[in-house]
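Understanding the architecture of this molecule
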Amino acid sequence: MTAPPARTPPPATPVPVLYRVEGAAVAAAAVVLVVLTGFAWWWLFALFLVFDLSMLGYAVDHHVGAIVYNLGHTYVAPFVLLAGYGLAHALDATGWTPLALVAACWFFHIGVDRALDFGPRPLR
């Protein structure tokens with residue numbers, strides 16, 4: 001009987017210094033967005049780990065994990081949420097402010113990750 005192959009940790013891609021600075025700037029802008037929309041700053045920390053649920057894809061394998069992680073750690077999704085909030089706000093619709101909060105927390109998470117050298121995962 002042979003032992004199952006050992007699982008290796010997922011490979012990481014180093015983040016260039018410019019992207020680390022950009023990440024820090026995005027995280028700072030997210031803090032400003034949270035404060036300007038009237039939410040408490042602690043929401044940034046309360047929701048911080050929610051976005052790391054995208055790592056559950058690694059339970060399948062490295063390739064699926066990298067795809068799911070990268071989709072959860074791109075600026076596109078929070079930007080779409082923020083645009084939705086902006087559109088609703090422009091149309092004077094009420095009740096859409098939580099979109100801005102989730103978008104800001106998501107931007108904050110990605111920005112902090114990039115600033116701390118956690119970048120996109122390679123697909124191999």
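Residues numbered from 1 in each chain as written. Predicted model: local features only at pLDDT ≥ 70, side-chain atom pairs only at ≥ 80, totals over all residues. Heavy atoms only, no water.

The full count for this structure, using the stated rule, is six aromatic pairs. On the basis of an interplanar angle of 80° and a centroid distance of 5.9 Å, the ring pair of W41 and F45 is categorised as edge-to-face. In this structure W41 comes out as exposed when scored by relative accessible area, which is 54%. You can call F45 exposed: its relative accessible area is 52%. Joined through ring pairs, the aromatic side chains of W41, F45, F48 and F108 make up one cluster. Positioned above the aromatic ring of Y75, the side-chain terminus of R114 is 5.2 Å from the ring centre. (Phe/Tyr/Trp six-rings, centres within 6.5 Å; stacked < 30°, edge-to-face > 60°. Buried < 20%, exposed > 50% of the residue type's maximum accessible area, 1.4 Å probe, protein only. Lys NZ or Arg CZ within 6 Å of the ring centre and 35° of its normal.)

This part is about the side chain of R121. Residue placement: R121 occurs in the segment after α5 (97-115). One buried charged residue, R121, remains without a salt bridge, the closest side chain of opposite sign being D113 at 6.7 Å. In this structure the side chain of R121 is engaged in a polar contact, spanning 3.4 Å, whose partner is the backbone oxygen of G119. (Helix = DSSP H or I, 4+ residues; strand = E, 2+ residues; numbered from the N terminus. Lys, Arg positive; Asp, Glu negative; His and termini not counted. Salt bridge = Lys/Arg side-chain N within 4 Å of Asp/Glu carboxyl O. Polar contact = N/O pair within 3.5 Å; in protein donor to acceptor, adjacent residues only side chain to side chain.)

V34, L44, C105, F108 and V112 are the most contacted members of the largest nonpolar core, which totals 16 residues. Within the residue set of this core, elements represented by two or more residues are α1 (17-36) and α5. Looking at which element gives the most residues to this core, the answer is α5, with eight residues. (Core = buried A, V, L, I, M, F, W, Y, C linked by side-chain atoms within 4.5 Å.)

Before going further, it helps to examine the side chain of S54. By the secondary structure assignment, S54 is in the loop between α2 (43-46) and α3 (62-72). Its relative accessible area of 10% is what places S54 among the buried residues. Discounting chain neighbours no more than four positions away, the residues touching S54 are G65, V68, Y69, G72 and H73. (Contact = heavy atoms within 4.5 Å.)

Another aspect to go through is α1. An ideal rise of 1.5 Å per residue puts 28 Å on 20 residues; α1 measures up with 29 Å between its terminal C-alpha atoms. Buried residues in α1 make contact with α2, α4 (76-90) and α5. Where α1 ends, the next residue or the one after it, G38, has phi of about 90°, a positive value. (Expected span 1.5 Å × (residues − 1).)

So, on to the packing of α4 against α5. Where α4 contacts α5, the two axes come as close as 8 Å, and the packing angle between them is 155°. The angle between α4 and α5 places the two elements in the roughly antiparallel class. The handedness of the crossing between α4 and α5 comes out as left-handed. Contacts from A77, P78, F79, L81, L82, G84 and Y85 of α4 reach α5 at T97, L99, A100, V102, A103, W106, F107 and I110. Taken together, the residues that form the contact of α4 with α5 break down as 13 nonpolar, two polar and no charged. (Axes fitted to C-alpha atoms, helices over the stretch in contact; angles between N-to-C directions. Parallel < 35°, antiparallel > 145°, perpendicular 65-115°, else oblique. Left-handed = near helix turned anticlockwise from the far one by under 90°. Nonpolar A, V, L, I, M, F, W, Y, C, P; charged D, E, K, R; others polar.)

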